[in-house]
Amino acid sequence: MPTVLISGANRGIGLEFARQYAGEGWQVYATARNPADAADLRALGGRVSIHQLDVANERSIAELVRALAGTAIDVLIANAGISGDLARSPEQIDQKEIIDVMAVNAFGALALAAALHPNIRAGSRKIAIAISSLMASLAMNDFGTQYVYRASKTALNALWTTLALEWRSDAIACVLLRPGLVRTRMNNFDGDLEARESVAGMRRVIAGLSLADTGRFIGYDGKDVPW
Amino acid sequence: MPRVLVTGANRGLGLEFSRQYAAAGWDVVAACRNPHVATELKALGKVVSILPLDVADEPSIARFLRAVSDIPIDVVILNAGVSAPPQIAAAVTRDAWAPAIAVNALAPLRLATGLCANLQKGEQKKAAAISSLAASLSKYDVPGQYSYRASKAALNSLWRSLAIEWRSLGISCILLRPGKVRTRMTGFSGDLAPEESVAGMRRVIAGATLADSGRFIGYDGKEVPW
């Protein structure tokens, strides 16, 4: 039975990943900042084991690592992300705002992956996924706005491509995925896609990945996203 | 007489920018953390005004902006930056990455937005941020540079967004790649002397128009792939 770990799995895209993988018989390790609030996740049943995790908190990551010591993880999906204050104008952005958002969206994803390196190495698929965004793309940015969120996803892309270099010798493929504009609470249910469609697409991409794909940035539709 | 503002001006690229612009007859506002020990800057003479600025410190940025408020500035060069030693992913803690984000990514945005009125009063209206090939997602394969790459890629993202917003103000925001320059920050390893890199970047700045806003251009005039 393959295993997948999904961060930020209590709602939105993360919850949908948990639902779809559990539905296919995978053992799912689902994390949330507040497991007590994760009713939808609990409703998925026994194949989903729920763990507390705040990716911005080093101690929280360390506790997760202890709980999962010796557990092989075939696919890691670093999905946990926050929007930050999207409406902030550039002159209002301060160190606290950018560091708080970077701590989750960029460096939190990296820290989680790094902490679970032994688990991923022990797995049979050896895939580390980070959920990025079209907002990460510099080439596609002709709109501006959402300064910090965009920068945090571009930073995530920089970290994940660097991780791809480090983990090549372990044969672990590090791939960035673009979900598309999905209707979830994080963007006030304003989008083109339902979570089900986006996640089905991303799972299709994940299923087809090999080490040759390491360092790529791929959409739910299978197409490469311009940097 | 045109005026340029340079951050991180006490050594390296910043010092060289100050030197070359001063020699070309510009008024230079040179910002650095410790003006009292900026001997090489002081040696450039009276055309260079040296002001204190620690881009990692928000109150210092606020004080600096107050000190220069109202003066027209033609070109702003956000150059102050920090590097980080190579690390494995597991060693990248907040102490390692937060300063890089604060200095390399946020400070240029904070300063530029704070200098908007100064740029509007100036004639040339150019805001240049010193980026790096490390910011390129497609073209950089040096391992272990987590914090530095993320901070420069984040800078590129913020600058692109600012370029779009400032188009209507007629202010061009460009990202510059210096090349691998022999300075203290690079341990004096590299292909280029500061003179050559900065001469090239000054040429790019001089030739930049609003059509170039949002672009990432090397000291050699060539586009850098994102």
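Described below are features of the structure shown in this document. All of these numbers come straight from a predicted model, not from anything done at the bench.

## Description of the overall build of chain B
Per the secondary structure count, chain B includes seven helices and seven strands. For chain B, the C-alpha radius of gyration of 16 Å lies close to 17 Å, the compact-globule estimate for 226 residues. Each principal axis of the C-alpha atoms in chain B carries an extent, and together these give about 50 × 40 × 35 Å. In chain B, which comprises 226 residues, the proportion classed as buried is 54%. Within chain B, contacts between residues at least 6 apart in sequence are counted, and of these 67% link residues at least 24 apart. Here chain B displays about 9000 Å² of accessible surface, and carbon together with sulfur accounts for 52% of that area. One way to put it: in chain B the 26 positive side-chain charges average out to a point 1 Å from where the 18 negative ones average out.

## Digging into the environment of glycine 108 of chain A
Its location among the elements puts glycine 108 of chain A in helix 5 (residues 107-115). If near-sequence neighbours (up to four positions away) are discounted, glycine 108 of chain A is found in contact with Val55, Ile61, Met102 and Ala103 of chain A.

## Considering the packing of aromatic side chains
Residues and elements named next belong to chain A. Enumeration over the complete set of coordinates arrives at seven aromatic pairs over all chains. Centroid distance phenylalanine 17 to tyrosine 21: 6.2 Å. Interplanar angle 10°. Geometry classified as stacked. Taken together, the residues phenylalanine 17 and tyrosine 21, both in helix 1 (residues 12-23) and four residues apart, mark about one turn of the helix. When sorted by exposure, phenylalanine 17 lands in the same class as tyrosine 21, which is buried. Among the aromatic side chains, those forming a connected cluster through ring pairs are Phe17, Tyr21 and Trp26. Sitting over the face of the ring of tyrosine 21, arginine 203 holds its NZ or CZ atom 5.0 Å from the ring centroid.

## Here we look at the sheet that holds strand 3 (residues 48-52) of chain A
Residues and elements named next belong to chain A. The seven strands lie next to each other as 3-2-1-4-5-6-7, forming an open sheet whose pairing is parallel. At either end of the open sheet lies a strand with only one pairing partner, and these are strand 3 and strand 7 (217-219). For this sheet the average axis-to-axis angle between neighbouring strands, irrespective of direction, equals 20°. Pairing of strand 4 (residues 75-78) with strand 5 (residues 127-131) involves four bridges; the strand directions are parallel. Its bridge partner being in strand 5, alanine 78 is matched across the sheet by alanine 130.

## Things to note about the sheet that holds strand 2 (residues 27-32) of chain B
Residues and elements named next belong to chain B. Read across the open sheet, the seven strands follow the order 3-2-1-4-5-6-7; overall the sheet is parallel. One side of each edge strand has no neighbouring strand; the edge strands of this open sheet are strand 3 (48-52) and strand 7 (216-218). Neighbour to neighbour, the strand axes of the sheet diverge by 20° on average, direction disregarded. Bridge count between strand 1 (residues 3-7) and strand 4 (residues 75-78): three bridges; the pairing is parallel. By the bridge assignment, valine 4 is partnered in strand 4 with valine 75. The strands touched by helix 6 (residues 146-166) are strand 4, strand 5 (126-130), strand 6 (172-177) and strand 7; relative to strand 6, the strand with the most contacts, the crossing angle is about 155°.

## Examining the pairing of strand 6 (residues 173-178) of chain A
All names here are of chain A. Along strand 6, six of the six residues are buried, which leaves the element largely enclosed by surrounding structure. What you see with strand 6 is no split at all: Ala173, Val175 and Leu177 on one side and Cys174, Leu176 and Arg178 on the other are buried throughout. Bridging between strand 5 and strand 6 involves five bridges; their strand directions are parallel. Each residue of the ladder has a partner; that of isoleucine 131, found in strand 6, is leucine 177. For the handedness criterion, the β-α-β arrangement of strand 5, helix 7 (residues 147-167) and strand 6 is classed as right-handed. Two strands pair when backbone bridges link them, and strand 6 and strand 7 are joined in this way by three bridges, in the parallel orientation.

## Section: the interface of chain A and chain B
The interface is formed by 36 residues belonging to chain A together with 40 residues belonging to chain B. Carbon and sulfur atoms supply 69% of the area buried between chain A and chain B, which totals about 3300 Å² over both sides. On the chain A side of the contact with chain B, Gln95, Leu138 and Tyr147 of chain A bury the most area, a combined 20% of that side's loss. There are zero salt bridges connecting chain A and chain B. On the surface where chain A and chain B come into contact, there are 13 residue pairs in polar contact (both at pLDDT 80 or more).

## Regarding unusual backbone geometry
All names here are of chain B. We note that lysine 125 has phi near 55°; this positive angle belongs to a residue other than glycine. Mapped onto the elements of the fold, lysine 125 is located in the loop between helix 5 (116-121) and strand 5. Its identity as a non-glycine residue notwithstanding, phenylalanine 188 has a phi of 55°, on the positive side.

## Overview of the nonpolar core
Counting residues in hydrophobic clusters, the biggest one holds 96 residues, and the most contacted among them are Met102 and Trp160 of chain A together with Trp159 of chain B. Top contributing element to this core by residue count: helix 7 of chain A, with eleven residues. Discounting chain neighbours no more than four positions away, the residues touching methionine 102 of chain A are Phe107, Gly108, Ala151, Ser152 and Ala155 of chain A together with Trp97, Ile101 and Ala154 of chain B. Among the nonpolar cores identified, the runner-up in size contains 32 residues, and Ala18, Ala30, Leu177 and Leu193 of chain A belong to it.

## Observations regarding the pairing of strand 2 of chain B
Residue and element names in this part refer to chain B. Taken across its six residues, strand 2 has five buried, putting it largely inside the fold. Examined bridge by bridge, strand 1 and strand 2 share five bridges and lie parallel to one another. Its bridge partner lying in strand 2, arginine 3 is registered against aspartate 27.

## Looking at the environment of lysine 152 of chain B
Residues and elements named next belong to chain B. Looking at the secondary structure, you find lysine 152 in helix 6. The exposure class of lysine 152 is buried, given its relative accessible area of 5%. Along the primary structure lysine 152 and serine 132 are separated by 20 residues, whereas in three dimensions their C-alpha atoms are 6.6 Å apart. Setting aside residues no more than four positions away along its own chain, lysine 152 makes contact with Asn104, Ile130, Ser131, Ser132 and Ala135.

## What to know about the packing of helix 4 (residues 95-105) of chain A against helix 5 of chain A
Residues and elements named next belong to chain A. Put simply, helix 4 and helix 5 touch, their axes get as near as 3 Å, and they point 30° apart. The segment helix 4 lies against helix 5, with Met102, Ala103, Val104 and Asn105 engaging Phe107, Gly108 and Ala109. Along the lines of polarity and charge, the residues of the contact of helix 4 with helix 5 split into five nonpolar, two polar and no charged.

The rules behind the values
Residues numbered from 1 in each chain as written. Chains lettered and ligands numbered in written order. Predicted model: local features only at pLDDT ≥ 70, side-chain atom pairs only at ≥ 80, totals over all residues. Heavy atoms only, no water. Helix = DSSP H or I, 4+ residues; strand = E, 2+ residues; numbered from the N terminus. Rg over C-alpha atoms; globule rule 2.2 N^0.38 Å. Buried < 20%, exposed > 50% of the residue type's maximum accessible area, 1.4 Å probe, protein only. Contact = heavy atoms within 4.5 Å. Areas by Shrake-Rupley, 256 points an atom, 1.4 Å probe, with all protein chains shown as cover. Lys, Arg positive; Asp, Glu negative; His and termini not counted. Charge placed at Lys NZ, Arg CZ, Asp CG, Glu CD. Phe/Tyr/Trp six-rings, centres within 6.5 Å; stacked < 30°, edge-to-face > 60°. Lys NZ or Arg CZ within 6 Å of the ring centre and 35° of its normal. Pairing = 2+ DSSP bridges. Axes fitted to C-alpha atoms, helices over the stretch in contact; angles between N-to-C directions. Right-handed = clockwise from strand over helix to strand, strands pointing away. Buried area = accessible area lost by both parts, 1.4 Å probe. Salt bridge = Lys/Arg side-chain N within 4 Å of Asp/Glu carboxyl O. Polar contact = N/O pair within 3.5 Å; in protein donor to acceptor, adjacent residues only side chain to side chain. Core = buried A, V, L, I, M, F, W, Y, C linked by side-chain atoms within 4.5 Å. Nonpolar A, V, L, I, M, F, W, Y, C, P; charged D, E, K, R; others polar.

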